[in-house]
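Working through the structure, step by step
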Amino acid sequence: MATVESVTGPLEAADLGTTLVHEHLLARDEAVAFQFPQLGTTAGDPVRAVPTDGAEQVAIDCARAIVERGVKTICDPAAMFLGRDVQFMRRVAEATGLQVVAATGIYTYDHLPTALMTRDADAIADLFVHDITEGIQGTDVKAAFIKCAADEPGVTENVEKVHRAAARASVRTGAPIMAHSRPLSDTAPRQIEIFAEEGVDLARVQIAHCGDSPDPAYIESLIERGVWAGLDRFGLEMYLPFDQRIAAARALLERGRADRLFISADYCATIDWFAPEVEQQMLDAGMAIDWSMNIVLDKVLPALREGGMTEEQERTMLVANPVRWLTGEPL
Ligand SMILES: [Zn+2]
């Protein structure tokens with residue numbers, strides 16, 4: 001049986017269990033956290049300010065809550081510019097028993113530091129391959145997948161370079177890819193095209209945030225290219241209201257697409273994007289409702305069951321699909 005690298009070592013694929021494929025134990029810009037730690041970060045609902053060095057306890061609390069609900073594993077797609085810190089992740093995993101699968105990659109909508117502007121896609125692929133085969137940040141923790149992103153600016157020159165680097169690292173190592181997409185900007189078709197041009201096995205590509213589209217036909221058109229679709233932002237009303245997310249998911253299940261879908265929340269235990277008072281205003285305006293690492297277990301699955309989701313479909317999306325995407329082999 002195949003194994004999957006985690007922050008506490010390789011896991012038997014059969015031991016992944018119920019898996020949330022897109023949750024963040026930490027989401028912050030590492031440069032801001034290093035240079036201006038006094039800014040701190042925020043957590044939760046109600047919003048509270050958290051000092052930079054207090055983020056670990058918040059992540060532990062989030063991890064414990066999902067473990068109590070039966071989640072065994074998360075994939076944490078923190079990459080460069082999302083504060084990826086595998087020692088932090090390992091401490092959270094050891095404190096809670098949650099299995100945490102880490103990524104390599106770069107989370108950028110365009111910006112790259114000079115050190116990567118002056119290097120080509122192959123040199124960036126070398127960095128990703130190092131994380132997958134040698135270990136991350138001087139540890140022996142290995143990345144199990146590769147993260148890249150395209151958002152409102154579209155597939156810019158820099159974003160394309162990161163995608164080609166991710167693709168080449170995938171071809172060289174067999175590691176799967178998770179690509180952040182923006183349905184409103186229709187980024188996914190071009191992202192998929194780049195992966196195909198580079199010879200990536202599209203059955204190992206997960207397009208994240210497909211569930212921000214209310215249109216099941218749009219999501220299905222991506223699945224028909226051979227990729228996986230992430231319905232992974234439940235609770236983030238600012239991108240699409242919960243009821244519309246559920247309606248699209250139900251339609252896809254009715255069309256027999258459970259074997260290409262993921263359910264997650266893209267929750268961030270802490271996030272440094274907004275000042276606490278701004279985040280509170282956003283919550284007050286209804287931009288996120290019940291957004292938490294618990295929302296899949298507490299609210300999404302009950303709504304889908306009520307809509308006719310079978311036990312088999314549920315197990316497919318939460319247990320079998322993560323194994324197939326991560327290893328390329330059926331459970
Ligand atoms: Zn995310």
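Here the structure is shown first, and the text comes after it.
This report concerns the structure included in the present document.

Once that is clear, we can look at the sheet that holds strand S7 (residues 99-105). As summarised here, the arrangement of the eight strands in space is S3-S6-S7-S8-S9-S10-S11-S12, forming an open sheet in which the pairing is parallel. The sheet terminates laterally at strand S3 (19-20) and strand S12 (261-263), the two strands that pair on one side only. Examined bridge by bridge, strand S9 (residues 177-180) and strand S10 (residues 205-208) share four bridges and lie parallel to one another. Residue pairing for S10: Ala179 is matched across the bridge by Ile207. Sitting on the sheet, helix H6 (residues 157-173) is in contact with strand S8 (145-149) and S9, with an inclination near 165 degrees to S8.

On the protein side, the zinc ion has His22 (NE2), His24 (NE2) and Asp266 (OD) as donor atoms, found 2.1 to 2.2 Å from it. Along the chain, the residues donating to the zinc ion are arranged with the sequence spacing H-x1-H-x241-D. Look at His22 and you get buried, because its relative accessible area is 1%.

In this section: a nonpolar patch on the surface. On the surface, Met238, Tyr239 and Trp273 cluster together into a nonpolar patch covering about 290 Å² of accessible area. Here Tyr239 is to be found in the loop between strand S11 (228-231) and helix H9 (242-254).

The relative placement of two aromatic rings is captured by the distance of their centres and the angle of their planes. Under the counting rule described, the total for this entry stands at seven aromatic pairs. A ring pair is formed by Phe262 and Trp325, whose centres lie 5.9 Å apart and whose planes are at 65 degrees; its orientation type is edge-to-face. Of the two residues, Phe262 is situated in strand S12 and Trp325 in helix H12 (residues 311-327); the sequence distance between them amounts to 63 residues. For Phe262, a relative accessible area of 1% gives the class buried. Their ring planes at 70 degrees and their centres at 6.4 Å tell us that Trp273 and Phe274 sit as a pair that is edge-to-face. Classification of Trp273 by relative accessible area gives partly exposed; the value is 42%. Judged by its relative accessible area of 30%, Phe274 falls in the partly exposed class. Pairwise contacts between aromatic rings join Phe145, Trp228, Phe262 and Trp325 into one cluster. The ring of Trp228 carries the charged tip of Arg260 above its face, separated from the ring centre by 4.2 Å. Seen from the ring of Phe242, Lys299 lies directly overhead, with NZ or CZ sitting 4.5 Å from the centre.

Glancing now at the nonpolar core. In terms of nonpolar packing, the biggest core is built from 98 residues, with Leu25, Ile177, Phe195 and Ile263 touching the most fellow members. Once residues lying within four places of it in the same chain are set aside, the contact partners of Leu25 are Ala59, Ile74, Asp76, Phe88, Met89, Val92, Val100, Ala269, Thr270 and Met293. In terms of nonpolar packing, the next biggest core, distinct from the first, is built from 17 residues, Ala13, Met178, Phe262 and Leu326 among them.

Criteria and thresholds
- Residues numbered from 1 in each chain as written.
- Predicted model: local features only at pLDDT ≥ 70, side-chain atom pairs only at ≥ 80, totals over all residues.
- Heavy atoms only, no water.
- Pairing = 2+ DSSP bridges.
- Helix = DSSP H or I, 4+ residues; strand = E, 2+ residues; numbered from the N terminus.
- Contact = heavy atoms within 4.5 Å.
- Axes fitted to C-alpha atoms, helices over the stretch in contact; angles between N-to-C directions.
- Donors = N, O, S within 2.8 Å, 3.2 Å for Na, K, Ca; no water.
- Buried < 20%, exposed > 50% of the residue type's maximum accessible area, 1.4 Å probe, protein only.
- Patch = residues over 30% accessible without salt bridge, like charges linked within 9 Å, V, L, I, M, F, W, Y side chains within 5 Å.
- Areas by Shrake-Rupley, 256 points an atom, 1.4 Å probe, with all protein chains shown as cover.
- Salt bridge = Lys/Arg side-chain N within 4 Å of Asp/Glu carboxyl O.
- Phe/Tyr/Trp six-rings, centres within 6.5 Å; stacked < 30°, edge-to-face > 60°.
- Lys NZ or Arg CZ within 6 Å of the ring centre and 35° of its normal.
- Core = buried A, V, L, I, M, F, W, Y, C linked by side-chain atoms within 4.5 Å.

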